[in-house]
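One-letter residues, chain by chain:
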Amino acid sequence: MSASNVLIPELVNHYNVYNDKSKKLVGISGEVNLGELKSMVDTVEGAGMLGEYEAPATGQYSSLKIKIPFAILYGQIFELMDTTEALQLTLRGSLQGIDQKTFKVDTYPVKIVVRGRVTNASLGKMVKAKKGEPELELEVIYLKIMIDGEETLELDKLNFRFLLNGEDMMAKIRSQI
């Protein structure tokens, strides 16, 4: 049985961010905002129904942004801003949990891969003896999340792929169109 199935999740013990050339990004500060998967919906209402509800379209998600903070301005930030090709970033982390029966603390890996292009570059600020806090915002067109070696989510907006816990959620739809 995998560690993530027997542990009560507690926290992210540590993480690193790598660009598509497998270089560790130095200067990342604080937390990376992974964004929000928001389903595209339409309101359903009609005769014989009480009120209305929003119906999500399977596999269809609104714009997804990820925010990557840095401590100060430096050259590698500007290398990432090339919008003529998709950037790939990989976040590798160690998640920590506690076994409910034995109270033993253990860790297990998480890997998040995102591809997209920078849509916003905040240059931060200049303050004496302080961090400048610049930040890049990336429009995500591909997202893959693996927890403890298992693929939990893969969303590829350009190639009509949406996998959830290994199940191809778009297979039936693809066969119908």
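Everything quoted here is computed from the prediction, not taken from an experiment.

Trainee: What am I meant to see in the overall build of the chain here?
Mentor: Helix and strand counts for the chain stand at three helices and 10 strands. For the chain, the succession of helices and strands along the chain, N to C, is α-β-β-β-β-α-β-β-β-β-β-β-α. Taken over C-alpha atoms, the radius of gyration comes to 20 Å for the chain, far larger than the 16 Å a tight globule of 177 residues would show. C-alpha extents for the chain along the principal axes are approximately 65 × 50 × 35 Å. Taken across its 177 residues, the chain has 31% of its residues classed as buried. Sequence-distant contacts in the chain: of pairs separated by 6 or more residues, those separated by 24 or more amount to 59%. For the chain, the accessible surface area stands at approximately 11,500 Å², while carbon and sulfur atoms represent 52% of it. Charge centroids of the chain, computed over 21 positive and 24 negative side chains, lie 7 Å from each other.

Trainee: Looking at this structure, how should I read the packing of aromatic side chains?
Mentor: Scanning all chains against the criterion turns up two aromatic pairs. For the ring pair Phe70 and Tyr74, a centre distance of 6.0 Å and an interplane angle of 70 degrees mean the geometry is edge-to-face. Given the relative accessible area of 1%, Phe70 is considered buried. Positioned above the aromatic ring of Tyr142, the side-chain terminus of Arg115 is 4.1 Å from the ring centre.

Trainee: Help me understand the nonpolar core in this model?
Mentor: Membership of the largest hydrophobic core comes to 28 residues, with the highest contact counts inside it found for Ile66, Leu89, Val114, Leu138 and Leu143. Only β1 (7–19), β4 (65–69), β5 (87–99), β6 (105–122), β7 (135–147) and β8 (150–156) provide two or more residues apiece to this core. Residues in contact with Leu89, not counting those within four places in the same chain, are Tyr18, Asn19, Leu25, Ile68, Ile112, Val113, Val114 and Leu138.

Trainee: Please explain the side chain of Gln96 as it appears in this structure.
Mentor: Topologically, Gln96 is positioned in strand β5. There is a polar contact of 3.0 Å between the side chain of Gln96 and the side chain of Asn13. Setting aside its immediate chain neighbours within four residues, Gln96 contacts Ile8, Pro9, Glu10, Leu11, Asn13, Val105, Asp106 and Thr107.

About the criteria used
Residues numbered from 1 in each chain as written. Predicted model: local features only at pLDDT ≥ 70, side-chain atom pairs only at ≥ 80, totals over all residues. Heavy atoms only, no water. Helix = DSSP H or I, 4+ residues; strand = E, 2+ residues; numbered from the N terminus. Rg over C-alpha atoms; globule rule 2.2 N^0.38 Å. Buried < 20%, exposed > 50% of the residue type's maximum accessible area, 1.4 Å probe, protein only. Contact = heavy atoms within 4.5 Å. Areas by Shrake-Rupley, 256 points an atom, 1.4 Å probe, with all protein chains shown as cover. Lys, Arg positive; Asp, Glu negative; His and termini not counted. Charge placed at Lys NZ, Arg CZ, Asp CG, Glu CD. Phe/Tyr/Trp six-rings, centres within 6.5 Å; stacked < 30°, edge-to-face > 60°. Lys NZ or Arg CZ within 6 Å of the ring centre and 35° of its normal. Core = buried A, V, L, I, M, F, W, Y, C linked by side-chain atoms within 4.5 Å. Polar contact = N/O pair within 3.5 Å; in protein donor to acceptor, adjacent residues only side chain to side chain.

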